[in-house]
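Okay, here's what each chain looks like letter by letter:
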There are 2 protein chains.
Amino acid sequence: MSTFFYVTTMLSTTPRTTLGRAKHRALTGREDLYAVLDAGLVCHLGVMVDGWPMVVPTGYGRIGDTLYLHGSTGATSLRNADQVCVTVTHVDGVVLARSAFSHSLNYRSAMVYGHARRVEDPEEHLAGLRAITEQLAPGQWDATRKPTGKELAATAVLALSLAEASVKVRQGPPNDDEEDYALPIWAGVLPLHQVWGAPEPDPAMTAELPVPAHIAARAMPAR
Amino acid sequence: MSTFFYVTTMLSTTPRTTLGRAKHRALTGREDLYAVLDAGLVCHLGVMVDGWPMVVPTGYGRIGDTLYLHGSTGATSLRNADQVCVTVTHVDGVVLARSAFSHSLNYRSAMVYGHARRVEDPEEHLAGLRAITEQLAPGQWDATRKPTGKELAATAVLALSLAEASVKVRQGPPNDDEEDYALPIWAGVLPLHQVWGAPEPDPAMTAELPVPAHIAARAMPAR
């Protein structure tokens, strides 16, 4: 039989984070949540606008058990962020089964529910922006020009507690029906990797500058 | 000055698909929408559950101007899919600017709003499942065991019109403030690619079968 597995990590006990489906294994460690969040570049932020769901891809950062989001002070998604669901998904491969029905994806996914709080404290505002920038581009906060007062005023930062969250992970080969294993059909996984390419210098650079070590180092290994 | 650009494709004229921000260029071709959707493996489906947004990663397929989604007949997301927003996002790179404020992502993203219709017609039900399987794994529908009546009955298929949609694309180098271009700070783009790995045969295969050509061919080039 196949050695595929799901891991569902329930970090809270509300019905919507207590996964009822495909619950092959349950953990409660917050490290699973941190690992999925910290490996991502964008989340999908779900809000309600005029009674309709709206799903927006956006950057984020994490400090401890708080997720930070940002955007223009006028952005529709941020003005409607009282009740939110934030989802981060990594696709690790396509699961090729013997039956069409058993096709699947290998993935890691985290869902966070909560009331997003508009950050007013200047220190937390700056810390949130730093976390968001560093999530996107580690090392860049210290290497680049810091935000001006005008830039800070134009940027809203939201804070979302990680108290209500769940993680779902599927890894491994297909899980076909018992009788399908005898079929002469190739089955397995086609893995999918995210790989950084070589840094592309901005043609508008006014001087010949070397690629900084923290950027070059990131481009070297596969993510 | 930099040659970065946003493309915002508005395929409908409802306020929520008429992009008000970063509207550097607007197109109306449906090909932009098809290109973003057809290149994806998962969408993020936004629904409302008990008055709260819920964002779920899930597979999908497209036939003409209809998007198909599927899931267990009991899935919470599908039982609440009257009003949905479906978003597909590709991250193409991190935009490393001279100022922290101007950091960004290069990406392609599509948003579709609509009422998801539960597919009842057996022919459309099967066509939808075929489209979803082929989106995940081209060529696999014909190469694998087709769904049984029991499997079909356990799987709900939803149809979503692509009538109300928007596409947003950012590509190119950073867009720094005029006065920042003179700063001695490296700027550019760190590209991100999705690359298929070598197919991993299921250890539970009962015979030594070669990797089918349609799978091997997909693993060869970078996506």
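Residues numbered from 1 in each chain as written. Chains lettered and ligands numbered in written order. Predicted model: local features only at pLDDT ≥ 70, side-chain atom pairs only at ≥ 80, totals over all residues. Heavy atoms only, no water.

- As annotated in an unreviewed UniProt entry, chain A carries the name Pyridoxamine 5'-phosphate oxidase family protein and is attributed to Streptosporangium fragile.

**Some remarks on the overall build of chain A**
Phase 1 of the analysis: Looking only at helices and strands, chain A features six helices and 13 strands.
Phase 2 of the analysis: Put simply, chain A has 223 residues, and 56% of those count as buried.
Phase 3 of the analysis: Here the contacts in chain A between residues at least 6 apart in sequence split such that 71% fall between residues at least 24 apart.
Phase 4 of the analysis: Looking at chain A as shown, the accessible area adds up to about 9400 Å², and 56% of this sits on carbon and sulfur atoms. (Helix = DSSP H or I, 4+ residues; strand = E, 2+ residues; numbered from the N terminus. Buried < 20%, exposed > 50% of the residue type's maximum accessible area, 1.4 Å probe, protein only. Contact = heavy atoms within 4.5 Å. Areas by Shrake-Rupley, 256 points an atom, 1.4 Å probe, with all protein chains shown as cover.)

**Considerations on the relation of the copies chain A and chain B**
Phase 1 of the analysis: Placing chain A over chain B gives an RMSD of 0.0 Å and needs a rotation angle of 180°, together with 0.0 Å of translation along the axis. On this basis, the relationship between the two copies can be described by a two-fold rotation axis. Of every C-alpha in chain A, the one belonging to A:Q194 sits nearest the axis of rotation, 2.3 Å from it.
Phase 2 of the analysis: In this assembly the copies share their binding face: 100% of the residues contributing to the interface of chain A also contribute to that of chain B. (Least-squares fit on C-alpha atoms with pLDDT ≥ 70 in both.)

**A few points about the pairing of strand β11 (residues 164-171) of chain A**
Residue and element names in this part refer to chain A.
Phase 1 of the analysis: The buried fraction of β11 amounts to six of the eight residues, a majority that puts the element mostly inside the structure.
Phase 2 of the analysis: Bridge count for strand β8 (residues 104-114) against β11 is seven bridges, and the pairing is antiparallel. Residue pairing in the sheet places Y107 in a bridge with R170 of β11. (Pairing = 2+ DSSP bridges.)

**Structural notes on the interface of chain A and chain B**
Phase 1 of the analysis: Between chain A and chain B, the contact holds 88 residues from the first and 88 residues from the second.
Phase 2 of the analysis: Among the ionic pairs, B:R145 bridges to A:D180, the shortest N-O distance being 2.7 Å.
Phase 3 of the analysis: Joining chain A to chain B, the criterion identifies 27 residue pairs in polar contact (both at pLDDT 80 or more).
Phase 4 of the analysis: Tallied by class, the residues present in the side of chain A that touches chain B amount to 54 nonpolar, 23 polar and eleven charged.
Phase 5 of the analysis: Strand direction decides the pairing type here: strand β12 (residues 188-196) of chain A and strand β12 (residues 188-196) of chain B, joined by five bridges, are antiparallel. Across the sheet, residue A:H193 finds its bridge partner in β12(B), namely B:V195. (Salt bridge = Lys/Arg side-chain N within 4 Å of Asp/Glu carboxyl O. Polar contact = N/O pair within 3.5 Å; in protein donor to acceptor, adjacent residues only side chain to side chain. Nonpolar A, V, L, I, M, F, W, Y, C, P; charged D, E, K, R; others polar.)

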